[in-house]
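# Results of the structural survey
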Amino acid sequence: MHEKHGLRRGLRARRAAIGPLARVASARSVARHGAQLLRRARHVGAYWPIGAELDPRPLARALMRTRHILYLPVVARRPGRPLSFLPWRPPFTPGPLHIPEPRWGRRACARRLDAVLVPVVGFDARGWRLGQGGGYYDRTFGFVARKTRGRPLLIGIAYECQRLVSAPREGHDVRLHAVLTERRLYRARPMMV
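What you are looking at is a predicted structure, and each value in this text was computed from that prediction instead of being measured.

## Let's talk about the nonpolar core
Counting 45 residues, the largest nonpolar core has L38, F85, L117, F141, L154, I155 and I157 as its most contacted members. Of all the secondary-structure elements, those providing two or more residues to this core are α2 (20-37), α3 (57-65), β2 (69-74), β6 (115-119), β9 (153-157) and β10 (178-180). The contacts of I155, once residues within four sequence positions are left out, are L37, L38, V116, L117, V118, A178 and L180. Counting residues in hydrophobic clusters, the runner-up holds six residues, among them L11, L130, L164 and A167.

## Quick notes on α3
Think of an α-helix as 3.6 residues a turn; residues three or four steps apart then line up on the same face. Looking at α3, one finds that the buried residues are P58, L59, A60, A62 and L63. Structurally, α3 contributes buried residues whose contacts are with α2, β1 (43-45), β2 and β6. One or two steps after α3, the chain reaches R67, where phi turns positive at roughly 70°.

## As for the pairing of β2
By the criterion of burial, β2 is predominantly enclosed, with five of the six residues buried. Bridge count for β1 against β2 is three bridges, and the pairing is parallel. Within the sheet, the bridge partner assigned to G45 lies in β2 and is Y71. Tracing the backbone out of β1, into α3 and back to the parallel element β2 gives a crossover that is right-handed. Where β2 and strand β3 (residues 84-87) come together, four bridges link them in antiparallel fashion. Directly across from L72, in β3, lies its bridge partner L86.

Rules used in this analysis
Residues numbered from 1 in each chain as written. Predicted model: local features only at pLDDT ≥ 70, side-chain atom pairs only at ≥ 80, totals over all residues. Heavy atoms only, no water. Core = buried A, V, L, I, M, F, W, Y, C linked by side-chain atoms within 4.5 Å. Buried < 20%, exposed > 50% of the residue type's maximum accessible area, 1.4 Å probe, protein only. Helix = DSSP H or I, 4+ residues; strand = E, 2+ residues; numbered from the N terminus. Contact = heavy atoms within 4.5 Å. Pairing = 2+ DSSP bridges. Right-handed = clockwise from strand over helix to strand, strands pointing away.

By themselves, these observations are geometric and do not establish any function.
Shown next as structure tokens:
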């Protein structure tokens with residue numbers, strides 16, 4: 001556990017060192033490639049970036065222009081509960097983790113989404129992800145670990161500098177299908193939408 005804390009700290013520092021122009025260029029690159037990758041997905045979960053996370057909002061806007069339905073995660077008020085998803089539409093209010101969340105709309109069950117953009121602190125080419133440490137995505141998408149194909153596709157969004165040779169993992173961790181960076185797509189598991 002202590003190893004993960006130190007690793008997260010170092011990866012966050014790498015991410016924070018990326019300049020503002022490079023961040024914008026990276027988000028645009030991910031939007032171009034991600035829109036193509038997700039062209040057949042209809043219901044897509046995304047996330048609101050915090051800190052220096054790679055910003056998925058350009059990709060979300062591109063998808064919405066092509067009639068995709070986007071959702072944002074909503075953190076349950078009771079700890080230990082999985083995420084739920086509400087349609088991406090204003091107004092947004094800060095949730096329990098002070099991250100903007102939609103205030104209203106019809107909830108989408110995680111199992112009903114075609115794809116989910118997942119924030120990443122660190123990742124490896126085999127699809128293992130080091131997240132923030134709260135376990136929200138692992139709890140919510142634990143059912144994906146038991147499937148070899150199908151939905152939702154779990155696609156990590158990260159800067160190339162966040163790639164690890166081997167990400168530490170535990171038994172409850174859920175492997176991503178792919179990770180999209182500003183430079184390339186790492187396919188880790190079969191991807192069918």
